[in-house]
Amino acid sequence: MARALSIVGIGALLPVVGLSFWEIAARAQWTQSQILVPPSAVFATIVEFWQSGELLSDIVASTCRVLIGFLLGGSLGFVFGITAGLDRRVEAIFAPTFHVLRQIPVIAWLPLLVLLAGFGEGFKILTISIAAFFPIGLNTLDGVKNVSSKYIEVGRALCFSRRQIIARIIWPAALPAIMNGARLSLSRSWMLVVAAELVASTTGIGHRMDWGRQLFQIDVVFMGVLVTGCMGLLIDVAVRGLARRASRWTEQA
Amino acid sequence: MQSKGIYLPRGLLLPVAILLAWEVAAHAGRSGGVLIAPLEQIASTAFTLAAGGTMAVDVAATIARVMSGFVLGAVAGLLFGSVIGTSRAADWLASPTFNAVRQVPLTGWIPVAALLFGIGEGAKLSLIALAAFCPVALNTAEGLAGVSQSYRELGRSLNFSGVTSWWRILLPAATPQIFTGLKHGIAFAWIAAIAAELLLTSGPGLGSMIEGGTALFRLDIVMVGVCLIGAFGYAMAVAMERVEARFLRWRN
(Lines give C-alpha, C1' and ligand atoms only; values in the text may rest on other atoms or scores of the structure.)
Protein backbone atom coordinates (compact mmCIF):
# COMPACT_ATOMS: atom_id res chain seq x y z
CA MET A 1 0.00 0.00 0.00
CA ALA A 2 2.73 2.40 1.02
CA ARG A 3 4.66 1.32 -2.05
CA ALA A 4 1.69 1.94 -4.31
CA LEU A 5 1.23 5.36 -2.76
CA SER A 6 4.87 6.25 -3.25
CA ILE A 7 4.64 5.22 -6.95
CA VAL A 8 1.62 7.47 -7.41
CA GLY A 9 3.46 10.22 -5.52
CA ILE A 10 6.47 9.99 -7.83
CA GLY A 11 4.22 9.99 -10.89
CA ALA A 12 2.46 13.11 -9.64
CA LEU A 13 5.78 14.89 -9.07
CA LEU A 14 6.34 15.89 -12.69
CA PRO A 15 2.86 17.33 -13.33
CA VAL A 16 2.86 19.15 -9.99
CA VAL A 17 6.29 20.70 -10.56
CA GLY A 18 5.47 21.51 -14.18
CA LEU A 19 2.13 23.10 -13.37
CA SER A 20 3.58 25.09 -10.45
CA PHE A 21 6.36 26.41 -12.65
CA TRP A 22 3.81 27.27 -15.33
CA GLU A 23 1.61 29.03 -12.75
CA ILE A 24 4.53 31.07 -11.44
CA ALA A 25 5.78 31.89 -14.94
CA ALA A 26 2.35 33.07 -15.98
CA ARG A 27 1.74 35.10 -12.81
CA ALA A 28 5.14 36.76 -12.99
CA GLN A 29 4.41 37.49 -16.65
CA TRP A 30 7.61 36.01 -17.96
CA THR A 31 5.69 35.46 -21.17
CA GLN A 32 2.83 37.26 -22.82
CA SER A 33 -0.04 36.43 -20.48
CA GLN A 34 -2.54 36.11 -23.31
CA ILE A 35 -0.56 33.20 -24.75
CA LEU A 36 0.27 31.31 -21.57
CA VAL A 37 -2.50 31.57 -19.01
CA PRO A 38 -1.86 30.04 -15.57
CA PRO A 39 -3.33 26.59 -14.80
CA SER A 40 -5.54 28.18 -12.14
CA ALA A 41 -7.20 30.26 -14.86
CA VAL A 42 -7.77 27.11 -16.93
CA PHE A 43 -9.36 25.48 -13.89
CA ALA A 44 -11.55 28.55 -13.30
CA THR A 45 -12.62 28.44 -16.95
CA ILE A 46 -13.57 24.77 -16.62
CA VAL A 47 -15.65 25.52 -13.51
CA GLU A 48 -17.29 28.46 -15.25
CA PHE A 49 -18.20 26.48 -18.38
CA TRP A 50 -19.37 23.55 -16.29
CA GLN A 51 -21.67 25.72 -14.17
CA SER A 52 -23.16 27.42 -17.20
CA GLY A 53 -23.90 24.00 -18.67
CA GLU A 54 -22.02 24.79 -21.89
CA LEU A 55 -19.27 22.27 -21.25
CA LEU A 56 -21.74 19.47 -20.63
CA SER A 57 -23.72 20.28 -23.79
CA ASP A 58 -20.46 20.33 -25.79
CA ILE A 59 -19.48 16.93 -24.41
CA VAL A 60 -22.95 15.53 -25.07
CA ALA A 61 -22.98 16.87 -28.65
CA SER A 62 -19.58 15.32 -29.47
CA THR A 63 -20.34 12.05 -27.72
CA CYS A 64 -23.67 11.65 -29.53
CA ARG A 65 -21.94 12.16 -32.87
CA VAL A 66 -19.28 9.60 -31.98
CA LEU A 67 -21.86 7.05 -30.87
CA ILE A 68 -24.12 7.44 -33.90
CA GLY A 69 -21.19 7.39 -36.32
CA PHE A 70 -19.58 4.47 -34.53
CA LEU A 71 -22.81 2.46 -34.57
CA LEU A 72 -23.34 3.12 -38.29
CA GLY A 73 -19.77 2.66 -39.50
CA GLY A 74 -18.84 0.04 -36.93
CA SER A 75 -21.79 -2.22 -37.68
CA LEU A 76 -21.16 -1.91 -41.42
CA GLY A 77 -17.50 -2.80 -40.86
CA PHE A 78 -18.54 -5.71 -38.67
CA VAL A 79 -20.95 -7.05 -41.30
CA PHE A 80 -18.29 -6.65 -43.99
CA GLY A 81 -15.66 -8.42 -41.89
CA ILE A 82 -17.93 -11.33 -41.01
CA THR A 83 -19.29 -11.93 -44.52
CA ALA A 84 -15.94 -11.49 -46.26
CA GLY A 85 -14.22 -13.58 -43.62
CA LEU A 86 -16.64 -16.47 -44.01
CA ASP A 87 -17.21 -16.37 -47.76
CA ARG A 88 -14.28 -16.38 -50.13
CA ARG A 89 -16.36 -15.04 -53.03
CA VAL A 90 -17.43 -12.01 -51.03
CA GLU A 91 -13.84 -11.49 -49.96
CA ALA A 92 -12.62 -11.72 -53.56
CA ILE A 93 -15.05 -9.02 -54.67
CA PHE A 94 -14.82 -6.55 -51.79
CA ALA A 95 -11.48 -7.05 -50.05
CA PRO A 96 -9.15 -5.56 -52.72
CA THR A 97 -11.15 -2.31 -52.84
CA PHE A 98 -11.34 -2.29 -49.05
CA HIS A 99 -7.57 -2.63 -48.72
CA VAL A 100 -6.92 0.17 -51.22
CA LEU A 101 -9.40 2.55 -49.58
CA ARG A 102 -8.13 1.95 -46.07
CA GLN A 103 -4.75 3.39 -47.12
CA ILE A 104 -6.31 6.84 -47.29
CA PRO A 105 -6.27 8.67 -43.95
CA VAL A 106 -9.86 9.47 -42.98
CA ILE A 107 -8.90 13.07 -42.39
CA ALA A 108 -8.20 13.40 -46.13
CA TRP A 109 -11.88 12.64 -46.79
CA LEU A 110 -12.96 15.72 -44.80
CA PRO A 111 -12.90 18.28 -47.66
CA LEU A 112 -14.58 15.82 -50.03
CA LEU A 113 -17.32 15.10 -47.51
CA VAL A 114 -17.84 18.81 -46.94
CA LEU A 115 -18.27 19.29 -50.70
CA LEU A 116 -20.66 16.36 -51.04
CA ALA A 117 -22.63 16.57 -47.80
CA GLY A 118 -22.32 20.21 -46.80
CA PHE A 119 -21.44 21.57 -43.38
CA GLY A 120 -24.37 20.01 -41.53
CA GLU A 121 -24.72 17.10 -39.18
CA GLY A 122 -24.58 14.56 -42.04
CA PHE A 123 -20.99 15.41 -42.89
CA LYS A 124 -19.83 14.84 -39.31
CA ILE A 125 -21.68 11.56 -38.91
CA LEU A 126 -20.36 10.40 -42.29
CA THR A 127 -16.77 11.25 -41.32
CA ILE A 128 -17.03 9.37 -38.04
CA SER A 129 -18.69 6.40 -39.74
CA ILE A 130 -15.80 6.12 -42.18
CA ALA A 131 -13.32 6.40 -39.31
CA ALA A 132 -15.13 3.63 -37.42
CA PHE A 133 -15.67 1.39 -40.45
CA PHE A 134 -12.09 0.51 -41.37
CA PRO A 135 -10.45 -0.68 -38.11
CA ILE A 136 -13.38 -2.87 -37.10
CA GLY A 137 -13.77 -4.15 -40.66
CA LEU A 138 -10.11 -5.09 -40.91
CA ASN A 139 -9.91 -6.69 -37.47
CA THR A 140 -13.13 -8.65 -37.96
CA LEU A 141 -11.98 -9.89 -41.37
CA ASP A 142 -8.58 -10.94 -40.02
CA GLY A 143 -10.08 -12.36 -36.83
CA VAL A 144 -12.56 -14.55 -38.68
CA LYS A 145 -10.04 -15.65 -41.31
CA ASN A 146 -7.30 -16.44 -38.81
CA VAL A 147 -9.31 -18.80 -36.64
CA SER A 148 -7.01 -21.77 -36.25
CA SER A 149 -8.01 -24.57 -38.61
CA LYS A 150 -7.47 -26.99 -35.71
CA TYR A 151 -10.48 -25.55 -33.91
CA ILE A 152 -12.60 -25.94 -37.01
CA GLU A 153 -11.40 -29.54 -37.46
CA VAL A 154 -12.54 -30.26 -33.92
CA GLY A 155 -15.95 -28.88 -34.83
CA ARG A 156 -16.07 -31.09 -37.92
CA ALA A 157 -15.06 -34.11 -35.86
CA LEU A 158 -17.93 -33.33 -33.49
CA CYS A 159 -20.26 -33.26 -36.52
CA PHE A 160 -21.12 -29.57 -35.97
CA SER A 161 -23.28 -27.98 -38.65
CA ARG A 162 -21.84 -24.93 -40.43
CA ARG A 163 -24.03 -22.77 -38.26
CA GLN A 164 -22.71 -24.39 -35.09
CA ILE A 165 -19.14 -23.98 -36.26
CA ILE A 166 -19.73 -20.29 -36.82
CA ALA A 167 -21.57 -19.71 -33.55
CA ARG A 168 -19.59 -21.94 -31.22
CA ILE A 169 -16.09 -21.87 -32.69
CA ILE A 170 -15.44 -19.01 -35.10
CA TRP A 171 -17.35 -16.37 -33.15
CA PRO A 172 -15.65 -16.81 -29.75
CA ALA A 173 -12.27 -17.29 -31.43
CA ALA A 174 -12.59 -14.08 -33.44
CA LEU A 175 -14.15 -12.00 -30.67
CA PRO A 176 -10.92 -10.68 -29.09
CA ALA A 177 -9.74 -9.36 -32.48
CA ILE A 178 -13.16 -7.83 -33.13
CA MET A 179 -13.16 -6.08 -29.76
CA ASN A 180 -9.68 -4.77 -30.44
CA GLY A 181 -10.99 -3.38 -33.73
CA ALA A 182 -13.91 -1.76 -31.90
CA ARG A 183 -11.46 -0.09 -29.54
CA LEU A 184 -9.40 1.29 -32.42
CA SER A 185 -12.58 2.40 -34.19
CA LEU A 186 -13.78 4.33 -31.17
CA SER A 187 -10.48 6.11 -30.61
CA ARG A 188 -10.32 7.03 -34.33
CA SER A 189 -13.93 8.24 -34.13
CA TRP A 190 -13.07 10.44 -31.20
CA MET A 191 -10.09 11.91 -33.07
CA LEU A 192 -12.20 12.58 -36.16
CA VAL A 193 -15.14 14.14 -34.32
CA VAL A 194 -12.74 16.76 -32.99
CA ALA A 195 -11.35 17.32 -36.49
CA ALA A 196 -14.81 17.57 -38.06
CA GLU A 197 -15.95 20.01 -35.40
CA LEU A 198 -12.82 22.10 -35.86
CA VAL A 199 -13.60 22.33 -39.57
CA ALA A 200 -17.30 23.10 -39.39
CA SER A 201 -19.60 23.02 -36.42
CA THR A 202 -21.60 25.17 -34.07
CA THR A 203 -21.63 22.66 -31.22
CA GLY A 204 -19.28 20.13 -29.67
CA ILE A 205 -15.93 20.16 -27.93
CA GLY A 206 -13.96 20.64 -31.17
CA HIS A 207 -16.02 23.70 -31.99
CA ARG A 208 -15.40 25.05 -28.48
CA MET A 209 -11.65 24.72 -29.03
CA ASP A 210 -11.80 26.43 -32.40
CA TRP A 211 -13.87 29.22 -30.86
CA GLY A 212 -11.27 29.61 -28.11
CA ARG A 213 -8.49 29.71 -30.69
CA GLN A 214 -10.15 32.43 -32.74
CA LEU A 215 -10.72 34.57 -29.65
CA PHE A 216 -7.17 33.87 -28.42
CA GLN A 217 -8.57 32.33 -25.25
CA ILE A 218 -6.02 29.66 -24.62
CA ASP A 219 -7.67 28.68 -21.33
CA VAL A 220 -10.68 27.50 -23.37
CA VAL A 221 -8.37 25.62 -25.74
CA PHE A 222 -6.63 23.89 -22.84
CA MET A 223 -10.00 23.03 -21.36
CA GLY A 224 -10.75 21.32 -24.67
CA VAL A 225 -7.45 19.43 -24.56
CA LEU A 226 -8.21 18.19 -21.04
CA VAL A 227 -11.76 17.20 -21.90
CA THR A 228 -10.86 15.40 -25.14
CA GLY A 229 -8.07 13.57 -23.30
CA CYS A 230 -10.35 12.50 -20.45
CA MET A 231 -13.12 11.41 -22.81
CA GLY A 232 -10.63 9.45 -24.93
CA LEU A 233 -9.31 7.74 -21.81
CA LEU A 234 -12.82 6.99 -20.52
CA ILE A 235 -13.90 5.41 -23.78
CA ASP A 236 -10.69 3.39 -23.99
CA VAL A 237 -10.99 2.07 -20.43
CA ALA A 238 -14.63 1.10 -20.99
CA VAL A 239 -13.96 -0.79 -24.22
CA ARG A 240 -10.86 -2.39 -22.78
CA GLY A 241 -12.98 -3.78 -19.93
CA LEU A 242 -15.41 -5.25 -22.45
CA ALA A 243 -12.55 -6.63 -24.53
CA ARG A 244 -11.06 -8.38 -21.54
CA ARG A 245 -14.37 -10.10 -20.86
CA ALA A 246 -14.57 -11.19 -24.50
CA SER A 247 -11.11 -12.76 -24.46
CA ARG A 248 -11.40 -14.42 -21.07
CA TRP A 249 -11.55 -17.84 -22.67
CA THR A 250 -7.99 -17.47 -23.97
CA GLU A 251 -6.65 -17.29 -20.41
CA GLN A 252 -8.31 -20.51 -19.28
CA ALA A 253 -6.24 -22.59 -21.67
CA MET B 1 -3.19 -21.08 -59.79
CA GLN B 2 -6.64 -20.88 -61.27
CA SER B 3 -8.14 -19.31 -58.16
CA LYS B 4 -5.55 -16.56 -58.39
CA GLY B 5 -6.51 -15.91 -62.00
CA ILE B 6 -10.12 -15.47 -60.95
CA TYR B 7 -9.31 -13.42 -57.89
CA LEU B 8 -8.05 -10.34 -59.68
CA PRO B 9 -10.95 -9.79 -62.13
CA ARG B 10 -13.44 -10.31 -59.30
CA GLY B 11 -11.59 -7.76 -57.25
CA LEU B 12 -11.89 -5.33 -60.14
CA LEU B 13 -15.67 -5.75 -60.26
CA LEU B 14 -16.40 -3.35 -57.41
CA PRO B 15 -14.01 -0.53 -58.46
CA VAL B 16 -15.35 -0.67 -62.03
CA ALA B 17 -18.93 -0.52 -60.71
CA ILE B 18 -18.10 2.42 -58.44
CA LEU B 19 -16.31 4.31 -61.22
CA LEU B 20 -19.21 3.67 -63.64
CA ALA B 21 -21.73 4.90 -61.05
CA TRP B 22 -19.55 7.94 -60.44
CA GLU B 23 -19.34 8.73 -64.15
CA VAL B 24 -23.10 8.34 -64.65
CA ALA B 25 -23.85 10.47 -61.58
CA ALA B 26 -21.42 13.15 -62.76
CA HIS B 27 -22.97 13.43 -66.22
CA ALA B 28 -26.53 13.16 -64.96
CA GLY B 29 -25.88 15.83 -62.36
CA ARG B 30 -24.32 18.33 -64.78
CA SER B 31 -27.65 20.01 -65.43
CA GLY B 32 -28.82 19.70 -61.84
CA GLY B 33 -25.82 21.67 -60.61
CA VAL B 34 -24.36 18.78 -58.64
CA LEU B 35 -20.62 19.20 -58.59
CA ILE B 36 -19.42 15.61 -58.99
CA ALA B 37 -16.57 15.92 -61.46
CA PRO B 38 -16.51 13.28 -64.21
CA LEU B 39 -13.52 10.94 -64.31
CA GLU B 40 -12.07 12.38 -67.52
CA GLN B 41 -12.00 15.81 -65.87
CA ILE B 42 -10.25 14.40 -62.79
CA ALA B 43 -7.72 12.73 -65.06
CA SER B 44 -7.08 15.88 -67.08
CA THR B 45 -6.76 17.93 -63.87
CA ALA B 46 -4.23 15.41 -62.57
CA PHE B 47 -2.33 15.75 -65.83
CA THR B 48 -2.43 19.57 -65.74
CA LEU B 49 -1.27 19.68 -62.12
CA ALA B 50 1.51 17.22 -62.84
CA ALA B 51 2.64 19.00 -66.00
CA GLY B 52 2.47 22.44 -64.38
CA GLY B 53 4.75 21.29 -61.59
CA THR B 54 2.45 22.36 -58.75
CA MET B 55 1.71 18.73 -57.90
CA ALA B 56 5.39 17.99 -57.43
CA VAL B 57 5.75 21.07 -55.22
CA ASP B 58 2.84 20.00 -53.00
CA VAL B 59 3.97 16.38 -52.77
CA ALA B 60 7.56 17.38 -52.02
CA ALA B 61 6.47 19.89 -49.36
CA THR B 62 4.37 17.32 -47.51
CA ILE B 63 7.00 14.60 -47.74
CA ALA B 64 9.74 16.94 -46.53
CA ARG B 65 7.56 18.00 -43.61
CA VAL B 66 6.69 14.43 -42.67
CA MET B 67 10.31 13.36 -42.90
CA SER B 68 11.70 16.12 -40.72
CA GLY B 69 8.86 15.88 -38.21
CA PHE B 70 9.14 12.11 -38.12
CA VAL B 71 12.90 12.16 -37.56
CA LEU B 72 12.52 14.68 -34.73
CA GLY B 73 9.70 12.77 -33.07
CA ALA B 74 11.20 9.33 -33.59
CA VAL B 75 14.63 10.27 -32.21
CA ALA B 76 13.02 11.94 -29.19
CA GLY B 77 10.74 8.93 -28.74
CA LEU B 78 13.65 6.53 -28.99
CA LEU B 79 15.59 8.42 -26.31
CA PHE B 80 12.60 8.97 -24.03
CA GLY B 81 11.44 5.37 -24.45
CA SER B 82 14.97 4.15 -23.68
CA VAL B 83 15.09 6.15 -20.46
CA ILE B 84 11.71 5.02 -19.14
CA GLY B 85 12.29 1.50 -20.44
CA THR B 86 15.55 1.02 -18.58
CA SER B 87 15.25 3.09 -15.41
CA ARG B 88 12.46 2.25 -13.00
CA ALA B 89 12.72 5.64 -11.29
CA ALA B 90 12.30 7.43 -14.62
CA ASP B 91 9.42 5.14 -15.49
CA TRP B 92 7.59 6.02 -12.26
CA LEU B 93 8.40 9.70 -12.67
CA ALA B 94 7.53 10.29 -16.32
CA SER B 95 5.20 7.51 -17.50
CA PRO B 96 2.00 8.81 -15.84
CA THR B 97 2.48 12.22 -17.48
CA PHE B 98 3.34 10.61 -20.82
CA ASN B 99 0.26 8.39 -20.68
CA ALA B 100 -1.95 11.36 -19.82
CA VAL B 101 -0.61 13.39 -22.76
CA ARG B 102 -1.07 10.37 -25.04
CA GLN B 103 -4.82 10.27 -24.36
CA VAL B 104 -5.47 13.56 -26.13
CA PRO B 105 -6.39 12.86 -29.76
CA LEU B 106 -3.94 14.32 -32.26
CA THR B 107 -6.55 16.69 -33.64
CA GLY B 108 -7.08 18.10 -30.14
CA TRP B 109 -3.53 19.50 -30.18
CA ILE B 110 -4.06 21.41 -33.42
CA PRO B 111 -5.65 24.53 -31.85
CA VAL B 112 -2.96 24.51 -29.14
CA ALA B 113 -0.17 24.34 -31.70
CA ALA B 114 -1.84 27.11 -33.68
CA LEU B 115 -2.00 29.42 -30.66
CA LEU B 116 1.53 28.68 -29.47
CA PHE B 117 3.34 28.61 -32.82
CA GLY B 118 1.00 30.27 -35.31
CA ILE B 119 -0.09 28.51 -38.49
CA GLY B 120 3.40 28.28 -39.97
CA GLU B 121 5.96 25.52 -40.20
CA GLY B 122 6.63 25.29 -36.45
CA ALA B 123 3.09 24.27 -35.58
CA LYS B 124 3.01 21.63 -38.31
CA LEU B 125 6.39 20.16 -37.45
CA SER B 126 5.57 19.96 -33.76
CA LEU B 127 2.28 18.17 -34.49
CA ILE B 128 3.98 15.68 -36.82
CA ALA B 129 6.79 15.13 -34.31
CA LEU B 130 4.30 14.54 -31.50
CA ALA B 131 2.38 12.07 -33.64
CA ALA B 132 5.57 10.08 -34.31
CA PHE B 133 6.91 10.46 -30.76
CA CYS B 134 4.13 8.64 -28.89
CA PRO B 135 4.12 5.24 -30.62
CA VAL B 136 7.93 5.16 -30.90
CA ALA B 137 8.42 6.01 -27.21
CA LEU B 138 5.78 3.53 -26.10
CA ASN B 139 7.13 0.64 -28.16
CA THR B 140 10.76 1.39 -27.34
CA ALA B 141 9.99 1.40 -23.62
CA GLU B 142 8.03 -1.85 -23.84
CA GLY B 143 10.63 -3.46 -26.05
CA LEU B 144 13.52 -2.55 -23.75
CA ALA B 145 11.64 -3.58 -20.62
CA GLY B 146 10.98 -6.95 -22.23
CA VAL B 147 14.62 -7.78 -23.07
CA SER B 148 15.47 -11.09 -21.43
CA GLN B 149 17.41 -11.05 -18.19
CA SER B 150 20.21 -13.22 -19.60
CA TYR B 151 21.05 -10.55 -22.21
CA ARG B 152 21.32 -7.94 -19.48
CA GLU B 153 23.63 -10.16 -17.47
CA LEU B 154 25.78 -10.63 -20.55
CA GLY B 155 26.37 -6.89 -20.63
CA ARG B 156 27.27 -6.86 -16.97
CA SER B 157 29.69 -9.76 -17.25
CA LEU B 158 31.37 -8.04 -20.23
CA ASN B 159 31.75 -4.94 -18.04
CA PHE B 160 29.82 -2.80 -20.51
CA SER B 161 28.92 0.67 -19.37
CA GLY B 162 25.23 1.61 -19.25
CA VAL B 163 25.35 3.39 -22.60
CA THR B 164 27.36 0.63 -24.29
CA SER B 165 25.04 -2.09 -23.14
CA TRP B 166 22.06 0.03 -24.26
CA TRP B 167 23.58 0.51 -27.72
CA ARG B 168 25.12 -2.93 -28.20
CA ILE B 169 22.66 -5.20 -26.40
CA LEU B 170 19.33 -3.71 -25.34
CA LEU B 171 18.55 -1.70 -28.48
CA PRO B 172 19.32 -4.53 -30.94
CA ALA B 173 17.33 -6.99 -28.82
CA ALA B 174 14.34 -4.65 -28.82
CA THR B 175 14.57 -3.81 -32.54
CA PRO B 176 11.48 -5.79 -33.63
CA GLN B 177 9.23 -3.91 -31.26
CA ILE B 178 10.94 -0.58 -31.96
CA PHE B 179 10.11 -1.11 -35.63
CA THR B 180 6.49 -1.70 -34.71
CA GLY B 181 6.63 1.74 -33.10
CA LEU B 182 8.38 3.28 -36.10
CA LYS B 183 5.79 1.84 -38.49
CA HIS B 184 2.95 3.26 -36.43
CA GLY B 185 4.93 6.46 -36.07
CA ILE B 186 5.33 7.06 -39.80
CA ALA B 187 1.63 6.32 -40.38
CA PHE B 188 0.59 8.75 -37.64
CA ALA B 189 3.08 11.34 -38.87
CA TRP B 190 1.52 11.17 -42.32
CA ILE B 191 -2.00 11.61 -40.89
CA ALA B 192 -0.78 14.46 -38.68
CA ALA B 193 0.82 16.21 -41.66
CA ILE B 194 -2.38 16.07 -43.69
CA ALA B 195 -4.48 17.16 -40.69
CA ALA B 196 -2.12 20.03 -39.91
CA GLU B 197 -1.97 21.21 -43.53
CA LEU B 198 -5.74 20.95 -43.82
CA LEU B 199 -6.57 22.88 -40.67
CA LEU B 200 -3.62 25.28 -40.61
CA THR B 201 -3.47 26.13 -44.29
CA SER B 202 -0.28 27.91 -45.22
CA GLY B 203 2.27 27.19 -47.91
CA PRO B 204 2.26 24.23 -50.30
CA GLY B 205 1.33 20.67 -49.34
CA LEU B 206 -1.20 17.99 -50.14
CA GLY B 207 -3.51 19.04 -47.30
CA SER B 208 -3.44 22.64 -48.54
CA MET B 209 -4.09 21.34 -52.04
CA ILE B 210 -7.36 19.61 -51.09
CA GLU B 211 -8.35 22.50 -48.84
CA GLY B 212 -7.79 24.90 -51.74
CA GLY B 213 -9.82 22.63 -54.02
CA THR B 214 -12.69 22.72 -51.53
CA ALA B 215 -12.63 26.50 -51.35
CA LEU B 216 -12.91 26.63 -55.16
CA PHE B 217 -15.62 23.90 -55.21
CA ARG B 218 -13.23 21.93 -57.45
CA LEU B 219 -14.00 18.31 -56.67
CA ASP B 220 -11.50 17.21 -59.33
CA ILE B 221 -8.61 18.83 -57.46
CA VAL B 222 -9.80 17.33 -54.18
CA MET B 223 -10.00 13.85 -55.71
CA VAL B 224 -6.51 14.10 -57.19
CA GLY B 225 -5.25 15.19 -53.76
CA VAL B 226 -7.01 12.33 -51.95
CA CYS B 227 -5.52 9.79 -54.37
CA LEU B 228 -2.04 11.25 -53.92
CA ILE B 229 -2.41 11.22 -50.13
CA GLY B 230 -3.42 7.57 -50.20
CA ALA B 231 -0.70 6.57 -52.64
CA PHE B 232 2.19 8.34 -50.92
CA GLY B 233 1.02 7.27 -47.47
CA TYR B 234 1.05 3.69 -48.71
CA ALA B 235 4.47 4.17 -50.33
CA MET B 236 5.88 5.41 -47.00
CA ALA B 237 4.47 2.42 -45.15
CA VAL B 238 6.02 0.09 -47.74
CA ALA B 239 9.37 1.90 -47.53
CA MET B 240 9.32 1.49 -43.75
CA GLU B 241 8.67 -2.24 -44.13
CA ARG B 242 11.64 -2.48 -46.51
CA VAL B 243 13.89 -0.78 -43.97
CA GLU B 244 12.57 -3.10 -41.28
CA ALA B 245 13.24 -6.17 -43.41
CA ARG B 246 16.85 -5.05 -43.91
CA PHE B 247 17.37 -4.37 -40.23
CA LEU B 248 15.77 -7.58 -39.07
CA ARG B 249 17.56 -9.86 -41.55
CA TRP B 250 19.44 -11.45 -38.65
CA ARG B 251 16.22 -12.97 -37.37
CA ASN B 252 15.85 -15.37 -40.30
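You'll find the structure just up there.
Residues numbered from 1 in each chain as written. Chains lettered and ligands numbered in written order. Predicted model: local features only at pLDDT ≥ 70, side-chain atom pairs only at ≥ 80, totals over all residues. Heavy atoms only, no water.

Visitor: Outline helix α2 (residues 39–52) of chain B, supporting the account with residue identities and numerical values.
Guide: Residues and elements named next belong to chain B. In a regular helix each residue adds 1.5 Å, so 14 residues correspond to 20 Å; α2 covers 20 Å between its end C-alpha atoms and thus fits that length. The set of residues buried in α2 consists of I42, T45 and L49. In an axial view of α2, the angular spread of the buried residues amounts to 60°, which keeps them on one side of the axis. Turned more than 90 degrees off the buried face of α2, the exposed positions are F47, T48 and A51. G53 lies just past α2 and shows a positive phi near 90°. (Helix = DSSP H or I, 4+ residues; strand = E, 2+ residues; numbered from the N terminus. Expected span 1.5 Å × (residues − 1). Buried < 20%, exposed > 50% of the residue type's maximum accessible area, 1.4 Å probe, protein only. Arc of directions from axis to C-beta.)

Visitor: Which residues make up the layout of surface pockets, and what values do they have?
Guide: Rolling a probe over the atoms, with the probe sized like a water molecule, indicates the empty space that remains. Considering only enclosed or pocket space, the second largest pocket measures out at about 1,300 Å³ in volume. Looking at the lining of the second largest pocket, the elements with two or more residues in it are α3 (54–86), α4 (88–101), α5 (109–117) and α6 (121–145) of chain A together with α1 (2–32), α2 and α10 (219–247) of chain B. Element by element, the count of residues in the lining of the second largest pocket is highest for α1(B), at nine residues. Considered class by class, the residues forming the lining of the second largest pocket number 33 nonpolar, six polar and no charged. (1 Å grid on protein atoms, 1.4 Å probe; cavity = no way out; pocket = protein on both sides within 12 Å on 5 of 7 lines; lining within 4 Å. Points joined across faces, edges and corners; volume = space filled by probe spheres on them. Nonpolar A, V, L, I, M, F, W, Y, C, P; charged D, E, K, R; others polar.)

Visitor: Hey, could you go over helix α6 (residues 121–145) of chain B for me, with residue numbers and the actual values?
Guide: The first and last C-alpha atoms of α6(B) sit 36 Å apart over 25 residues, in line with the 36 Å expected at 1.5 Å per residue. Maximal helix bending in α6(B) amounts to about 25°, located at F133(B); proline P135(B) follows within four positions. (Bend = angle between axes of the 7 residues up to and from the residue.)

Visitor: Before we move on, can you summarise a nonpolar patch on the surface with the specific residues and values?
Guide: Residue and element names in this part refer to chain A. A contiguous nonpolar surface patch, about 380 Å² in accessible area, is contributed by F21, I24 and W30. Looking at the element boundaries, W30 is found in the loop between α1 (2–27) and α2 (39–51). For W30, a relative accessible area of 56% corresponds to the exposed category. (Patch = residues over 30% accessible without salt bridge, like charges linked within 9 Å, V, L, I, M, F, W, Y side chains within 5 Å. Areas by Shrake-Rupley, 256 points an atom, 1.4 Å probe, with all protein chains shown as cover. Salt bridge = Lys/Arg side-chain N within 4 Å of Asp/Glu carboxyl O.)

Visitor: I'd love a proper account of the packing of aromatic side chains, names of residues and values included.
Guide: Centre distance and the angle of the planes are the two values used to describe a pair of aromatic rings. Residue and element names in this part refer to chain A. Going through the model one piece at a time under the given rule, you end up with 13 aromatic pairs over all chains. On the numbers, 6.3 Å between centres and 80° between planes, the contact of F49 with W211 is edge-to-face. In this pair, F49 is assigned in helix α2 and W211 in helix α9 (residues 205–214), connecting sequence segments 162 residues apart. Between F78 and W171, the aromatic rings sit 6.0 Å apart at their centres with planes inclined by 85°, giving edge-to-face as the arrangement. Taken as a pair, F78 in helix α3 and W171 in helix α8 (residues 162–199) lie far apart in primary sequence, 93 residues in all. Through successive ring pairs, a cluster of aromatic residues spans F80, F98, F133 and F134. Over the aromatic face of F160 sits the side chain of R168, whose NZ or CZ is 5.5 Å from the ring centroid. (Phe/Tyr/Trp six-rings, centres within 6.5 Å; stacked < 30°, edge-to-face > 60°. Lys NZ or Arg CZ within 6 Å of the ring centre and 35° of its normal.)

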